[in-house]
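Working through the structure, step by step
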Amino acid sequence: PAGMESAMYGISNMILQVGINTLGTVVVASWALGGKVDGIYWALSNAFGAALTSFVGQNFGAGKKKRIKKSYWICNVYAISVAVIFALLYIFSGHTILKVFTTDPAVIEAGMVRIEEDAESVVVRAGATEAVFARRTGTLSKLTMKGKRILEDVAGVVAGPRLTMMRGSTPA
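Residues numbered from 1 in each chain as written. Predicted model: local features only at pLDDT ≥ 70, side-chain atom pairs only at ≥ 80, totals over all residues. Heavy atoms only, no water.

Turning our attention to the environment of aspartate 38. Residue position: aspartate 38 is located in helix 2 (residues 25-61). Between the C-alpha atoms of aspartate 38 and tyrosine 90, which are 52 residues apart in sequence, the distance is 8.9 Å. At 2.8 Å, the side chain of aspartate 38 forms a polar contact with the side chain of tryptophan 42. A polar contact of 2.9 Å, which involves the side chain of aspartate 38, links it to the side chain of tyrosine 90. (Helix = DSSP H or I, 4+ residues; strand = E, 2+ residues; numbered from the N terminus. Polar contact = N/O pair within 3.5 Å; in protein donor to acceptor, adjacent residues only side chain to side chain.)

Here we take up the pattern of salt bridges. In this structure the tally under the stated criterion is 1 salt bridge. Residues arginine 114 and aspartate 38 are paired through a salt bridge, measuring 3.8 Å at the closest nitrogen-oxygen approach. Taken together, the residues arginine 114 in helix 4 (residues 105-135) and aspartate 38 in helix 2 connect sequence positions 76 residues apart. (Salt bridge = Lys/Arg side-chain N within 4 Å of Asp/Glu carboxyl O.)

What follows concerns the packing of aromatic side chains. Inspection of every chain in the model, using the stated rule, returns 4 aromatic pairs. Where tyrosine 72 meets tryptophan 73, the ring centres are 4.8 Å apart and the plane angle is 75°; that geometry is what we call edge-to-face. Seen from their ring centres, phenylalanine 86 and tyrosine 90 are 6.2 Å apart, and the 75° between their planes marks the pair as edge-to-face. Remark: tyrosine 90 and phenylalanine 86 occur in helix 3 (residues 65-99); sequence separation between them is 4 residues, near one turn of the helix. One aromatic cluster in this structure is built from Tyr41, Trp42, Phe86 and Tyr90. Here the guanidinium or amino end of arginine 114 rests over the ring plane of tryptophan 31, the centre of that ring lying 4.2 Å away. (Phe/Tyr/Trp six-rings, centres within 6.5 Å; stacked < 30°, edge-to-face > 60°. Lys NZ or Arg CZ within 6 Å of the ring centre and 35° of its normal.)

The class for arginine 114 is buried, based on a relative accessible area of 6%. Here the side chain of arginine 114 touches tryptophan 31 through a polar contact of 3.1 Å, landing on its backbone oxygen. (Buried < 20%, exposed > 50% of the residue type's maximum accessible area, 1.4 Å probe, protein only.)

Within the chain, residue pLDDT values average 75, and 69% of them lie at 70 or more. Between the elements of the chain, mean pLDDT differs from a low of 50, seen in helix 5 (residues 139-159), to a high of 88, seen in helix 3. Low pLDDT, under 50, characterises residues 136-144; the stretch is placed with 9 contacts to residues that sit more than four places away or in other chains. Note that residues 157-172 has pLDDT below 50 and, in this model, 42 contacts with residues that lie over four places away or in other chains. (pLDDT = per-residue confidence, 0-100. Contact = heavy atoms within 4.5 Å.)

Moving on, we get to helix 3. Taking 1.5 Å per residue as the helical rise, helix 3 with its 35 residues ought to reach 51 Å, and the 48 Å between its terminal C-alpha atoms agrees with that figure. The largest bend in helix 3 is about 80°, located at serine 93. (Expected span 1.5 Å × (residues − 1). Bend = angle between axes of the 7 residues up to and from the residue.)

As a further point, take the environment of aspartate 104. Tracing the backbone shows aspartate 104 in the loop between helix 3 and helix 4. When its relative accessible area of 34% is taken as the criterion, aspartate 104 is described as partly exposed. With 74 residues separating them in the primary sequence, aspartate 104 and serine 30 have C-alpha atoms 9.7 Å apart. Separated by 3.0 Å, the side chain of aspartate 104 and the backbone nitrogen of alanine 106 make a polar contact.

See below:
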């Protein structure tokens, strides 16, 4: 399951990168920066999912359904809290965070489009991801979530709001 999950992320990111590459160097640079910033959140999010999956599996095997429900709610509160914190950081400190990596104003502005879109979606995805991990701990649930991400990424390249501003950039 972990290998399939990694492969799905890799495939979705390759599909997305093909579209990004057609939009010019400013967009490519900003997308890379946004991805690095967003990667910190996703590492934490994946850790919550893995911990919950493990805990649910152990307690399901032991027949302790009360502990499963309790751990589900605790993990959701933690995951959504972290998502809200990151969303607020993206919104209120995005420029500052991106300035750590570049001084190019065009790259920073295009990067803000990416991380503002991420800020809008991380809270919803946090709750949805934890719910899927808790209800079905097998490969199918992970593949469903990753397949959904691929579809979102492909749709984002074609018509997503996070690329609307970037499409105005001229390819270099």
